[in-house]
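Fold and contact review
Below are the chains, spelled out letter by letter.
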2 protein chains.
Amino acid sequence: MTINSHLHKEIHQQPEVLQTLLNNERDVVQQLATAIKERDITHVIIAARGTSDNAARYAKYLLGAVNGMVVTLATPSLFSIYNQPPRFGNALVMGISQSGKSPDIVAVLAEARKQGALTAAISNFADSDLAKQADYVIKLNAGEEKSVAATKTYTTSLTAIAALSASLSDTDEMWENLGQIPSIVETTLGMSSEIIRSTERYRYMEHCVVIGRGYNYATAFELALKLKELTYTIVEPYSSADFQHGPLALIEQGFPVIIVAPTGVVLPEMQSFMRTLTEHGAELITISDDKETLDLSRVPLTLPTNVPEWLSPLVSIIPGQLFAMHLAHTRDYSLDTPRGIRKVTETR
Amino acid sequence: MTINSHLHKEIHQQPEVLQTLLNNERDVVQQLATAIKERDITHVIIAARGTSDNAARYAKYLLGAVNGMVVTLATPSLFSIYNQPPRFGNALVMGISQSGKSPDIVAVLAEARKQGALTAAISNFADSDLAKQADYVIKLNAGEEKSVAATKTYTTSLTAIAALSASLSDTDEMWENLGQIPSIVETTLGMSSEIIRSTERYRYMEHCVVIGRGYNYATAFELALKLKELTYTIVEPYSSADFQHGPLALIEQGFPVIIVAPTGVVLPEMQSFMRTLTEHGAELITISDDKETLDLSRVPLTLPTNVPEWLSPLVSIIPGQLFAMHLAHTRDYSLDTPRGIRKVTETR
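Being a predicted model, the structure only gives us computed values, none of them experimental. (Residues numbered from 1 in each chain as written. Chains lettered and ligands numbered in written order. Predicted model: local features only at pLDDT ≥ 70, side-chain atom pairs only at ≥ 80, totals over all residues. Heavy atoms only, no water.)

1. Remarks on the pairing of strand S7 (residues 234-238) of chain A
All names here are of chain A. In terms of residue burial, S7 counts as a mostly covered element, since five of its five residues are buried. Because side chains alternate across S7, one face comprises the buried residues Ile 234, Glu 236 and Tyr 238, and the other comprises Val 235 and Pro 237, equally buried. Relative to S7, strand S6 (residues 207-211) is paired through five bridges, and the arrangement is parallel. Counterpart to Val 210 in the pairing with S7 is Pro 237. Between S6 and its parallel partner S7, the chain crosses via helix H11 (residues 217-231), and the hand of that crossover is right-handed. (Buried < 20%, exposed > 50% of the residue type's maximum accessible area, 1.4 Å probe, protein only. Helix = DSSP H or I, 4+ residues; strand = E, 2+ residues; numbered from the N terminus. Pairing = 2+ DSSP bridges. Right-handed = clockwise from strand over helix to strand, strands pointing away.)

2. Structural notes on helix H5 (residues 103-114) of chain A
Residues and elements named next belong to chain A. If you check H5, its first and last C-alpha atoms are 16 Å apart, about what twelve residues at 1.5 Å a residue would give, namely 16 Å. Against the buried residues of H5 lie strand S1 (43-47), helix H4 (77-80), strand S3 (91-97), strand S4 (118-123) and helix H6 (129-132). Two residues or fewer past H5, Gly 116 is found with a positive phi of approximately 85°. (Expected span 1.5 Å × (residues − 1). Contact = heavy atoms within 4.5 Å.)

3. Let's talk about helix H2 (residues 14-38) of chain A
In a regular helix each residue adds 1.5 Å, so 25 residues correspond to 36 Å; H2 of chain A covers 34 Å between its end C-alpha atoms and thus fits that length. At Glu 25 of chain A, H2 of chain A shows its maximal kink, close to 60°. (Bend = angle between axes of the 7 residues up to and from the residue.)

4. Remarks on the interface of chain A and chain B
When the parts come together, some accessible area is lost, and that loss is often what is quoted as the size of the interface. Between chain A and chain B, the contact holds 68 residues from the first and 68 residues from the second. Each partner contributes to the roughly 5,600 Å² buried at the junction of chain A and chain B, and carbon and sulfur atoms together form 59% of this total. We note a salt bridge from Lys 228 of chain A to Glu 236 of chain B, for which the minimum N-O separation is 2.8 Å. One can count 18 residue pairs in polar contact (both at pLDDT 80 or more) joining chain A with chain B. When contributions to the side of chain A that touches chain B are tallied by element, the ones reaching two or more residues are S1, helix H3 (50-65), strand S2 (70-73), H4, H11, S7 and helix H12 (240-244) of chain A. For the side of chain A that touches chain B, the class distribution of residues is 30 nonpolar, 23 polar and 15 charged. (Buried area = accessible area lost by both parts, 1.4 Å probe. Salt bridge = Lys/Arg side-chain N within 4 Å of Asp/Glu carboxyl O. Polar contact = N/O pair within 3.5 Å; in protein donor to acceptor, adjacent residues only side chain to side chain. Nonpolar A, V, L, I, M, F, W, Y, C, P; charged D, E, K, R; others polar.)

5. Description of the nonpolar core
The nonpolar side chains of a soluble globular protein tend to be buried with one another. Ranked by internal contacts, the top residues of the largest apolar core, which has 111 residues, are Tyr 58 and Ile 181 of chain B. Look past the residues within four positions of Ile 181 of chain B in its chain and what remains in contact with it is Leu 18, Val 307, Leu 311, Leu 314 and Val 315 of chain B. (Core = buried A, V, L, I, M, F, W, Y, C linked by side-chain atoms within 4.5 Å.)

6. Concerning the domain arrangement of chain A
All names here are of chain A. Each assigned domain of chain A is listed here: domain 1 (6-179) and domain 2 (189-330). The gap between the C-alpha centroids of domain 1 and domain 2 is 26 Å. Each side of the interface is counted separately: domain 1 has 26 residues, and domain 2 has 22 residues. Between domain 1 and domain 2 lies a buried interface of about 2,200 Å² when both sides are counted; carbon and sulfur atoms form 74% of it. At the boundary of domain 1 and domain 2, one finds zero salt bridges. Counting every contact that joins domain 1 to domain 2 gives six residue pairs in polar contact (both at pLDDT 80 or more). At the level of secondary structure, the elements contributing two or more residues to the side of domain 1 that touches domain 2 comprise helix H1 (6-12), H2, H3, helix H7 (152-169) and helix H8 (172-179). (Domains from an automatic or database assignment.)

7. Considering the pairing of strand S2 (residues 70-73) of chain B
Residue and element names in this part refer to chain B. Side-chain alternation along S2 places Val 70 and Thr 72 on one buried face and Val 71 and Leu 73 on a second face that is also buried. Of the pairings in the sheet, the one linking strand S1 (residues 43-48) to S2 comprises four bridges and is parallel in character. Its bridge partner lying in S2, His 43 is registered against Val 70. Viewed along the sheet, the connection from S1 through helix H3 (residues 50-65) into S2 turns out right-handed.

8. As for the relation of the copies chain A and chain B
Mapping chain A onto chain B leaves a residual RMSD of 0.0 Å; the transformation is a rotation of 180° accompanied by 0.0 Å of translation along its axis. Such values leave the two copies arranged in the relation of a two-fold axis. Taking C-alpha positions as reference, the residue of chain A nearest the rotation axis is Thr 72 of chain A, located at 2.5 Å. A share of 100% of interface residues in chain A that are also interface residues in chain B marks the association as one of identical surfaces. (Least-squares fit on C-alpha atoms with pLDDT ≥ 70 in both.)

9. Quick look at the sheet that holds strand S10 (residues 299-302) of chain B
By definition, the strands of a sheet pair up through backbone hydrogen bonds, in either a parallel or an antiparallel sense. All names here are of chain B. Strand order in this open sheet of five strands is S7-S6-S8-S9-S10, and the pairing throughout is parallel. The open sheet has two free edges, formed respectively by strand S7 (234-238) and S10, since each of these has just one partner strand. With strand direction ignored, the average angle separating the axes of adjacent strands in the sheet is 15°. Where strand S9 (residues 283-288) meets S10, four bridges bridge the pair, whose relative direction is parallel. For Ile 287, the partnering residue across the bridge sits in S10 and is Leu 301. (Axes fitted to C-alpha atoms, helices over the stretch in contact; angles between N-to-C directions.)

Here's what the structure looks like:
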């Protein structure tokens, strides 16, 4: 199947742009890490929307588990509408935005600068409004993203965050692992044939949920967003823990559940949750590198093995991006300009 | 329509239990506020799941906008699964749990105590595992909640948070406003006839989204959760800002959108967003006290007027609870024991 679209191109550019980011931005990331250490900062506040907010969710787990930091997702409306910014104290305040234009995100960084907090921006444009408010700018180096649905700017944002975690940890091993990611992403892109076959089955799927936990909580959110934007399916992301506190009531015979479950410490719990879902009649579509986990599923989507858990979100979103794109194609929807939305959304 | 169920009783007990909480817990809330000030704390970390997590969302906006505090929703799996707790620094760490039993929530408070942080619990049981880890326990005073879907333990949790905000602000006016809430909730419960009439229309609604912003972002989440638990509708909550960053693509002719939009500083933006939704063909069901806003809707659900915005979530969830209950009744579903879930969920 040939798909001529910006989306298809941009998804397949990911190995290259991730490599470019790693080559070009290591110095500035290292400088930011040094500034964080010099100020003895243990608290990070991140402002972001949409896909960038999902990258922030990754930061919440990664900088928490690996670097012992508390990460807060900011509430931009406190700044832009209520005009009552909280006191940041000794925090790093970071904005993530592909365009760097959304006024509510810019407002959070402007306030942070006013309060004297350390500021950083992750953006595809080093001269954006957001970047102008930041002490340190990590440029995504993703090149222009023409498709409305963000793909390469998501994985480059994750890579920027992973690089910051590696710099803060100051271990060569993390940098070495990170350096292998572009080629692993390349391998993953080559494993798309079972995804293409599977999408016919979901031509008329109207809704589903996506479950991820820990590092891959972010993946569940991002995959859900891609499915909403590209295929107009009603999709809600959940952690397996939160899902059991109420929403489990939704599950009935045949209810489709996408599981993101690469190898890692959360895997045994995910397997147990998958068995519960199966007892309730759910149909499981699973993204994993683990054979036993894939075997629990109606539709397995296979990942490469030997990816460290902390980096797995950079790889596990790839089958999700491909699944959303091919499902949109199966439904004859526009891949580059979904109905009702634009590339740059400016919210207050 | 007579509905003989625990759920119906518990929804209607709310004016009484809110009053009991305000009578019994003012002292301990005041003591907690004093301890926060003595330690010069400006950062609050909250651990919660399900309905309690929605109460935490209210805290995020209220303690932020009124008290200048940064509020972080904890990631319990960092404690219970990754076993890599972050450094809390000089924060208040608070757990919210009706039962006080979920091991992941208890683990966050136990770690906080180990690190020497100030701890607090909001729970219906003063002798729960969670309460045992807390320096201060605000008891919900809600009485036993027999229905699986939480209602009175949600509004009492909100009231506990509102009382903390009033104590931190040290203004009599906030306490006076809060004191009027039980009778306003009573009034709201008396306005249910248009809700009962409206539910027939949604007998076969399979999915919808709920939109709220600012203080009522929490209301959108809680209403969505009640609809999922009680009516098995696929419902996703959103802020109006986030919804425009992608999910707007979902909207097609007749797509049902529930809007929570009481009077307040976010109202003009919500009205503008409602017009956008209408242009895209959405069907609007609106919870508001503002005539102009209600007039923008296909189905208006009217709130009492003159409720201060910061307290509006305690009132605006009431039509939501009634709507979810009556819709479940319209569908002949069990009101007290939804399929697949239990009252106390213990997650790791």
